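Now for the letters of each chain:
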Amino acid sequence: MIVTLIVLCEVAFWVLLAAGLALRYLAKKPGTGAAVLLCEPLLEVVLLVVTAVDLKNGAQPDWKHGLAAVYIGFTVGLGHSTISWVDARVAHRFAGGPPPVKPPKYGRARAVHEWKVAAHWTAAAVTALALLQAAIWYVGGDGDVSSLRSWQQTMLFVLGLNLVIALSYTLFPKREPAGR
């Protein structure tokens, strides 16, 4: 049931995004479009509640419960930037908006960009880590929480990887090719 709900939340995320942007740009109802987009976080609340109820009803914590926490974390950390990214492209394509701003390619500006990306991934990983730890405490010492701990290790890896990437652009900035 949890995996099905995660899939439904992902599908609903994109449906709400498409509906919100269609209302904003095609129907020329920006307020209504924004209201639809603000419904996105409700999906994560539903997933969180269903996961907690499943654990409360005696389900053994497994990879599905961990995946729910990771999904919520990614939505918290990356959802807004994903919506902004899609919004800029739809505005340009369908509403005469300016072309989307491309990330810088070189130097300090690229390093700053990579740190911003790392900040989004850090928010995602930290949210997932907190939810996973809350689930571990919620289950208590009676349940096998090894799958939740495994997801925590994965999130620490994701966090570390993004910080290493950002740090590499800081320490070894990509230089613009000569002659450009």
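Since the structure is predicted, the reported quantities are computational estimates derived from the model, not experimental observations.

Reading the values: the criteria
- Residue indices follow the written sequence of each chain, beginning from 1 at its first position.
- Per-residue local features of the predicted model are confined to residues with pLDDT of at least 70, and side-chain atom pairs are confined, for both listing and counting, to 80 or more; whole-chain, interface and lining totals are unaffected and use all residues.
- Only hydrogens and water are set aside; all other atoms, that is, all heavy atoms of the structure, feed into the side-chain values.
- Confidence of the prediction at every residue is given by pLDDT, a number between 0 and 100.
- Secondary structure counts use DSSP, requiring at least four H or I residues in a row for a helix and at least two E residues in a row for a strand, with both numbered from the N terminus.
- What makes a patch is a set of residues exposed beyond 30% relative accessible area and free of salt bridges, joined within 9 Å when like-charged and within 5 Å when nonpolar (Val, Leu, Ile, Met, Phe, Trp, Tyr).
- Only the protein chains shown count as cover for residues, and all accessible areas are computed by the Shrake-Rupley method using a 1.4 Å probe.
- Salt bridges are defined as contacts in which a side-chain nitrogen from Lys or Arg sits within 4 Å of a carboxyl oxygen from Asp or Glu.
- Buried means the residue's accessible area, taken with a 1.4 Å probe over protein chains only, is under 20% of the maximum for its type, while exposed means over 50%, and partly exposed covers the values in between.
- Between the rings of Phe, Tyr and Trp (Trp by its six-membered ring), a pair exists once the centres lie within 6.5 Å; its type follows the angle of the planes, with under 30 degrees stacked, over 60 edge-to-face, and the other angles tilted.

## Digging into the confidence of the model for the protein
Moving on, step 1. Overall, the prediction assigns the protein a mean pLDDT of 94, with 99% of residues at 70 or greater.
Moving on, step 2. Within the protein, no element has a lower average pLDDT than helix α3 (residues 40-56), which sits at 92, and none a higher one than helix α6 (residues 146-171), at 97.

## Points about a nonpolar patch on the surface
Moving on, step 1. A cluster of nonpolar side chains, contributed by Trp115, Leu163, Leu167, Leu171 and Phe172, occupies part of the molecular surface with about 510 Å² of accessible area.
Moving on, step 2. Looking at the secondary structure, you find Leu171 in helix α6.
Moving on, step 3. The class of Leu171 is exposed, set by a relative accessible area of 53%.

## A few points about the packing of aromatic side chains
Moving on, step 1. Scanning the model with the defined rule gives two aromatic pairs in all.
Moving on, step 2. On the basis of an interplanar angle of 85 degrees and a centroid distance of 5.1 Å, the ring pair of Phe13 and Trp14 is categorised as edge-to-face.
Moving on, step 3. Seen from their ring centres, Phe74 and Trp121 are 5.3 Å apart, and the 75 degrees between their planes marks the pair as edge-to-face. With Phe74 in helix α4 (residues 63-95) and Trp121 in helix α5 (residues 107-139), this pair connects stretches of sequence that are 47 residues apart.
Moving on, step 4. Residue Phe74 is classed as partly exposed on the basis of its relative accessible area of 26%.

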